[in-house]
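Each chain, written out:
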Amino acid sequence: RVRSSAASDVYKRQVSTQSTGLLSTMKSIILLIALAFVSSVLAQDTCPRCTPLCQNGDGTPKTCGDNGCGGSCGTCASGQECCKGSCVCIPSCAGRNCGDDGCGGNSCGICSPSQTCSNGVCSGAATVDCTGRTCGSNRAGGSCGSCSAGQRCRAGQCECYYDCNERNCGNAVQPEGTNTGLCPQRSCGTCPSGFTCGSNGRCSASTPCTVTITVVDCNSRRAISSSASVAISSVSLSYSATVTVSAGAAYSWNTPGLGSFSFQTSASGYLTNSQSFTLASTTTSVELCVSPAVVQVDVRERKTNITIEVGASISYTGVASGSFRWNGVTSWTHGGFGSYSFIATPDSKYTVGSLTYSVTASTTLIIIYVDIAYFCGDDLCTSGETATNCQLDCVALFLEFENADGSGPVNGPTVNYFLDNPRDANADTGPNRNSVQQTTTRTTGTGSNTVLEETYSYDELVYFEVVVSTFINFYWRANTTNVDPQLGTYRLRVHLSKLLGTTDFNYRLVNTWKPIDATPEPYGPTDLNLHLFYSSGALDINNPSLTNQGFAIGKAIADSKQSGGPATMDISPDSGIVVAVWNSKPPRSSVIAPSQNNRYLVDSGSYVVFYGKTSNAANGKQVGQVVMDEIFLTNPSLKSNHQVDLWYVAQFTVNQPARNQPTIVAQSRFKTSTINSARDMFFDCEAYSYCNNFKVPYSDTGRRDVEDF
């Protein structure tokens, strides 16, 4: 730094003055800093807020001086001063006119060539020296020249003077009267984004106290229907916060300043979205958006609830409209929460399906149901199909009703059909009718004893209830899976039991088997015997009455020689006494009954129905049944055993006679009897010793008819 002797003296006096008033000056500086801090705080508590800027016009950081809001960008250490936003060394030239100024330079002055600098003082006679200098001291008390207005002398050369101290934008300050032709205006710098240059040459910005944050659907731009969590951050301001924006509302956010901010928005039912916005002094609101979360869409067949195996086109209207291709479970991005109407058009085989559905934040799966486009041959009996017009899909249920006493047909039955069991088991009272509603009902006039139902498929369990006045209701379950589609008919002959009177025994067992006429091969035998073995004796066609300790406890109601029976036995067993129930196929004469050759027990379709009085059915109810054909479902090989002529039907035990449900344990076993030369049958009943070689005498000239009801 070049100074004249006179200038050096003035500088020394200034330094001396500063030294003597150092304490006072430091106190003043501390007070000014405190006032600046208070001013800055007050500015932050008012609206709009002033945004501080500690940056020079050339973009370099400003570490000291005014921050533009009345505050400070920092203070300098002792022995330093702030110059253009940076702390620099304070020269010390008190009592010196040459040499080092304490800041690492010869800033206290330069002696003339004829002088020497010793301990900061020039000594010896001074001579004029203006070599290479056009202004400033000639080093002998004179001047080498002066500079034009607006210039200053620096190192012996005139240069334009520009003052940007405490200015970071706009034009630099130049001395009054500056020749701008010689020294044109020069900028102190430009303000960063969001700041404006004030008349004082300082960048400043006003930050609004609050900015409203809203969250909308990215597609519809409508407010979302769930609360959103927004994480806000700013690297430049070292700021982070998380706020909650309520559904359909706005959040007032107290901003920390201006500049770039990152927003990460999460909401139930939506995909998390990250966005960045730059807040300027004019920013009053920020609109964030999220896209609806993906919803899975499936197309299923209504009856099975299974995804269809063909593709489909799906269109939708409502909150938003559009279409997409479906090929299995498909991800769909909806257009916002609310109501949608869907139409699914399968490529083939199925009908068009429609659905109106309200999509909410919790929606993850939408199922559109379609039905099979029915046709004859699709394995479903529906849409007006019957066994008559579509035997491929529909089975005919043909029922024939006769009296269990062997007296002939029972006319005018009403049959109710169900797809669920219409009765519930009950140990105290026997089975009771439940609330299941019938799917169809068929009836005939008083002149017919047959009922035909043709609207059920081959793969169903069909239950039916037979109601006839003065008869006990009959219940059955038909498994149509077992019906041969080439024949298409399920046939059942039923022997209905009349109501049990007060003079009747407590229980009635009715044995029925397959009729010969109009049935497919293999044909069954026309004649079977029903045998009941009790502790006191046997009850059957050859033993038509049963006593116990002198009291009648059973009798044979009917055992007529006719196709399909019946064989009907009544009995009143004591509590806990086992009744062993057997079926036999007696020998037949090939001369008297040639049609019975090659007829076997396993082809008979025999079944036994158990009726009994209970606490809530004084006139009797059906308490059980045992069906031979059910044995073959689990052991089909037995169907081909033509050697057997005996079926151990069940063990029948009563706990509380005429009150609760009796115990019926199916035995599911076949045996082969011993036939002597007289064609008498012999077998072991396996229940009591008296019948370990029980005899069924041969008779083929006609079966005996026993008494009617």
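The model shown is predicted, which means the values in this text are computed figures rather than measured ones.

## A few points about the overall build of the protein
Line of reasoning, step 1. Of regular secondary structure, the protein possesses 3 helices and 49 strands.
Line of reasoning, step 2. Evaluated residue by residue, the protein yields a buried proportion of 43% over its 709 residues.
Line of reasoning, step 3. In the protein, once contacts between residues fewer than 6 apart in sequence are set aside, the share between residues at least 24 apart is 57%.

## Some thoughts on the packing of aromatic side chains
Line of reasoning, step 1. Here the structure, examined in full by the defined rule, presents 27 aromatic pairs.
Line of reasoning, step 2. Taken together, the aromatic side chains of Tyr239, Trp253, Phe261, Phe263 and Phe277 make up a single cluster linked through ring pairs.

## A closer look at the confidence of the model for the protein
Line of reasoning, step 1. Overall, the predicted model of the protein reaches an average pLDDT of 86, with 89% of residues at or above 70.
Line of reasoning, step 2. Taken as a whole, residues 1–46 scores under 50 in pLDDT and shows 37 contacts with residues more than four places along the chain or in a different chain.
Line of reasoning, step 3. Here residues 702–709 scores under 50 on pLDDT; set against residues more than four positions off or in separate chains, the count is 27 contacts.

## Structural notes on the nonpolar core
Nonpolar side chains tend to gather and get buried jointly when the protein is soluble and globular.
Line of reasoning, step 1. Residues Ile232, Trp253, Phe263, Ile314 and Trp332 are the most contacted members of the largest nonpolar core, which totals 47 residues.
Line of reasoning, step 2. Those residues within four positions of phenylalanine 263 in sequence are excluded, and the remaining contacts are Ile213, Val230, Ala231, Ile232, Trp253, Asn273, Ser274, Gln275, Phe277, Val286 and Leu288.

## Observations concerning the sheet that holds strand S21 (residues 312–318)
Line of reasoning, step 1. Spatially, 4 strands are ordered S22-S21-S24-S25 in an open sheet, and the strand pairing comes out antiparallel. Sheet topology places strand S22 (322–326) and strand S25 (353–359) at the edges, where each strand pairs with a single neighbour. Ignoring which end each strand starts from, the neighbouring axes of this sheet average 25° apart.
Line of reasoning, step 2. Where S21 lies against strand S24 (residues 338–346), 7 bridges are found, and the strand directions are antiparallel. For serine 315, the partnering residue across the bridge sits in S24 and is isoleucine 343.

## Focus: the state of the cysteines
Line of reasoning, step 1. Tallied over the full model, the rule gives 18 disulfides.
Line of reasoning, step 2. Disulfide pairing is shown between cysteine 64 and cysteine 82; the S-S distance is 2.2 Å. On the sign convention where negative is left-handed, the bridge of cysteine 64 and cysteine 82, at about 85° about the S-S bond, is right-handed. In this pair, cysteine 64 is assigned in the loop between strand S1 (49–50) and strand S2 (80–83) and cysteine 82 in strand S2, connecting sequence segments 18 residues apart.
Line of reasoning, step 3. Classification of cysteine 64 by relative accessible area gives buried; the value is 0%.
Line of reasoning, step 4. Left without a disulfide partner, cysteine 83 is nearest to the cysteine sulfur of cysteine 82, which lies 7.5 Å away.

## Side note on the pattern of salt bridges
Line of reasoning, step 1. One pass over the structure, following the stated rule, counts 19 salt bridges.
Line of reasoning, step 2. The partner of glutamate 400 in a salt bridge is arginine 493, with the nearest N and O atoms 3.4 Å apart. Residue glutamate 400 is found in strand S27 (residues 394–403), and its partner arginine 493 is found in strand S35 (residues 489–496); the two are separated by 93 residues along the sequence.
Line of reasoning, step 3. Looking at arginine 493, the relative accessible area reads 8%, which means it is buried.
Line of reasoning, step 4. One connected set of salt bridges, linked through shared partners, spans Arg152, Arg154 and Glu159.

Parameters at a glance
- Along each chain, numbering runs from 1 in the same order as the chain's sequence is written.
- This being a predicted model, a pLDDT of at least 70 is required before a residue's local features are given, and a value of 80 or more before pairs of side-chain atoms are given or counted; all residues contribute to the totals for chains, interfaces and linings.
- Hydrogens are left out, water is left out, and the side-chain values use all remaining heavy atoms of the structure.
- The secondary structure listing takes helices from DSSP runs of H or I that are at least 4 residues long and strands from runs of E that are at least 2 residues long, numbered from the N terminus.
- Type-normalised accessible area, obtained with a 1.4 Å probe on protein chains alone, sets the label of each residue: buried when under 20%, exposed when over 50%, and partly exposed for intermediate values.
- Contacts were defined at the residue level, with two residues in contact if any of their heavy atoms lie within 4.5 Å.
- Only rings of Phe, Tyr and Trp enter the pairing, Trp through its six-membered ring, and a pair is recorded when the two centres are within 6.5 Å. The plane angle decides the type: under 30 degrees is stacked, over 60 is edge-to-face, the rest tilted.
- Each residue gets a pLDDT score, which is the predictor's confidence in that residue and runs from 0 to 100.
- Grouping buried Ala, Val, Leu, Ile, Met, Phe, Trp, Tyr and Cys residues that are joined through side-chain atoms within 4.5 Å yields what is termed a nonpolar core.
- For two strands to count as paired, DSSP must find a minimum of two bridges between them.
- In this analysis an axis means a line fitted to C-alpha atoms, helices contributing only their contacting stretch, and an angle means the value between N-to-C directions, from 0 to 180 degrees.
- Throughout, a disulfide means two cysteine sulfur atoms within 2.5 Å of one another.
- The term salt bridge refers to a side-chain nitrogen of Lys or Arg lying within 4 Å of a carboxyl oxygen of Asp or Glu.

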